[in-house]
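Coordinates in review
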Amino acid sequence: VVAKTPSRLNYHFMPQIGWMNDPNGFIKYKGEYHLFYQFYPHGTSWGPMHWGHAKSKDLLHWEYLPVALAPSEAYDCDPNIEGYGCFSGSATTQNDDLVLMYTGDVDSKEIPQTQNIAISSDGINFDKVDLNPVIPNFPKEATKDFRDPKLFKVDDTWYSVIGTHNETLGELALYRSKDLLKWDYLGILAQSNGKQGTMWECPNIILSDKNDFLIVSPMEGTVNQKPIYISGKANLKEPSFKQSGQGILDYGNDFYAPQTMDVDGRHILIAWMSQWFSKMPTADDGWSGAMTIPREVTIKNGRLYQTPIKELETIRVDQLREIKNQEVTHLEQDISEASELKFNLQIPENYAGTIELEIADCEDTTQNCKLTVDLKKSEIILDCSNYSVEQREICKAPYEGTGDTIDFDIFLDTNSIEAFINNGETTITNRIYPEAKLKTMKLVCDNQKPFVVNAFSAWKLDKTI
Ligand code: FRU
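About the cut-offs
- Residues numbered from 1 in each chain as written.
- Predicted model: local features only at pLDDT ≥ 70, side-chain atom pairs only at ≥ 80, totals over all residues.
- Heavy atoms only, no water.
- Salt bridge = Lys/Arg side-chain N within 4 Å of Asp/Glu carboxyl O.
- Helix = DSSP H or I, 4+ residues; strand = E, 2+ residues; numbered from the N terminus.
- Near = heavy atom within 4 Å.
- Polar contact = N/O pair within 3.5 Å; in protein donor to acceptor, adjacent residues only side chain to side chain.
- Areas by Shrake-Rupley, 256 points an atom, 1.4 Å probe, with all protein chains shown as cover.
- Nonpolar A, V, L, I, M, F, W, Y, C, P; charged D, E, K, R; others polar.
- Domains from an automatic or database assignment.
- Contact = heavy atoms within 4.5 Å.
- Buried area = accessible area lost by both parts, 1.4 Å probe.

1. Focus on the pattern of salt bridges
- As enumerated under the stated definition, the model contains 21 salt bridges in all.
- Two residues, lysine 178 and aspartate 156, come together in a salt bridge whose shortest N-O distance is 3.4 Å. Of this pair, lysine 178 sits in the loop between strand E11 (170-177) and strand E12 (184-191) while aspartate 156 is found in the loop between strand E9 (147-154) and strand E10 (157-165), placing the two residues 22 residues apart along the sequence.
- Here arginine 295 ties to glutamate 418 by a salt bridge, and the two come within 2.8 Å at their closest N and O atoms. Remark: glutamate 418 occurs in strand E31 (residues 416-421) and arginine 295 occurs in strand E21 (residues 295-300); sequence separation between them is 123 residues.
- Bridged by salt links that share partners, the residues Glu32, Lys55 and Lys57 form one connected network.

2. Regarding the site of the ligand
- Around the ligand sit 13 residues in total, of which Asp22, Gln38, Arg147, Asp148 and Trp276 are the nearest.
- Contact distances for the ligand include 2.7 Å between an oxygen atom and a side-chain N or O atom of aspartate 22.
- Contact between the ligand and tryptophan 46: an oxygen atom at 3.0 Å from a side-chain N or O atom of the residue.
- Bound to the protein, the ligand loses 95% of the 320 Å² it would expose on its own.
- Of the residues assigned to the shell around the ligand, the class counts are six nonpolar, three polar and four charged.

3. Points about the domain arrangement of the chain
- Partitioning the chain into structural domains gives domain 1 (18-308) and domain 2 (316-461).
- Each of domain 1 and domain 2 was reduced to a C-alpha centroid, and the two centroids are 32 Å apart.
- Domain 1 puts 26 residues into the contact, and the matching count from domain 2 is 26 residues.
- Both sides of the domain 1 and domain 2 interface together cover about 2200 Å² of buried area, and 49% of this is carbon and sulfur.
- The largest contributions to the domain 1 side of the interface with domain 2 come from Tyr251, Asn253 and Met273, which together make up 29% of the buried area.
- The tally of links between domain 1 and domain 2 comes to four salt bridges.

Listed below in structure tokens is the structure:
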């Protein structure tokens with residue numbers, strides 16, 4: 001396969017060629033960020049899983065590195081079956097080494113999945129350890145599904161949370177190790193409350209003083225759902241997680257398997273900007289799958305917020321427009337196919353109408369992609385049907401704002417839209433496939449009702465990849 005240029009994104013990470021799904025092993029090592037990903041280099045649909053690899057100094061400009069892991073051993077390779085390989089996992093550092101923990105899959109339907117370790121002293125070449133699988137099987141009989149280990153360290157002890165399930169409920173198994181090679185099973189850390197999926201993939205854990213958070217990508221039967229976070233209190237000694245709340249991480253159609261990295265006092269999240277059932281029209285150009293922009297996750301009022309990482313400000317190349325404190329009936333602006341639109345509006349007093357942002361690739365703004373905030377229904381709606389290559393759900397999220405202003409930060413790229421509303425209270429991510437390059441935007445309150453723009457900026461964003 002050879003990648004052609006037209007469908008390439010400008011500032012979102014994507015594979016050079018081939019298929020990509022989940023982010024893996026997201027970590028800072030020797031001063032540089034490393035991102036690995038589920039990768040099939042020999043085709044544009046899912047196949048025997050490798051770990052692709054890239055590194056970056058700023059999380060935006062990525063240097064592609066050689067494949068880090070390829071199927072090769074009895075626990076991750078069986079050419080006689082269709083699905084096998086080095087499935088998702090995470091990274092840690094040990095002394096000067098970069099260490100990966102990943103799931104070996106040789107047929108998840110028949111043979112239980114296992115957890116394995118690979119070590120690198122140069123951050124490029126990885127050796128699978130002889131002791132693999134370091135966690136050969138899951139102590140519970142009920143399931144072969146046992147995958148996506150997420151490593152974390154508390155004091156001098158490593159833990160790993162691993163996605164699994166019992167007969168009907170998604171669960172996380174908790175393991176502990178002093179050396180990353182010998183692992184003790186501690187028990188089930190958390191379980192679905194009955195409405196959070198029948199299998200949990202790609203777990204993450206964020207520990208904080210007040211609330212702890214789990215992030216999981218749930219499946220309901222065989223269908224992948226929108227990733228959720230669950231707040232509560234984790235007990236790592238006698239594994240339990242007392243749930244106190246939950247939320248949907250991103251209400252879009254194209255957001256799955258997010259992985260977090262705790263680094264320099266920040267929690268950074270990146271997700272696969274697709275879903276298992278998404279059509280991949282870029283496959284015609286030799287590649288499929290991309291990552292979201294990296295987002296900073298913060299904890300406020302017992303819940304998670306996601307905002308674009310501050311590094312993204314460095315790729316604003318051209319300021320297309322700036323407005324401050326101006327009353328308008330509508331706002332139209334030419335944009336670039338790679339743009340950021342950031343604005344804050346005053347909600348007119350007693351206003352119970354809509355605020356609409358239309359994004360279009362041509363003058364005919366009815367052929368658009370439309371983000372609507374309906375204050376009457378307290379709902380946010382992202383309708384990308386005009387720019388879809390398949391029948392897709394119109395995304396709806398509750399509007400949770402209570403103030404008299406509303407804040408938007410919208411990231412557009414060749415074939416994606418990521419909307420952050422009210423400083424990351426709600427996010428919605430979709431792939432869009434307009435016929436031509438995105439060209440215009442229009443902002444309007446219903447019936448051209450005048451509204452005050454407290455601040456508006458539109459930037460063209462630089463190409464980083
Ligand atoms: C999630 C997932 C993981 C698995 C990987 C395989 O998208 O199904 O659970 O490890 O993809 O590529």
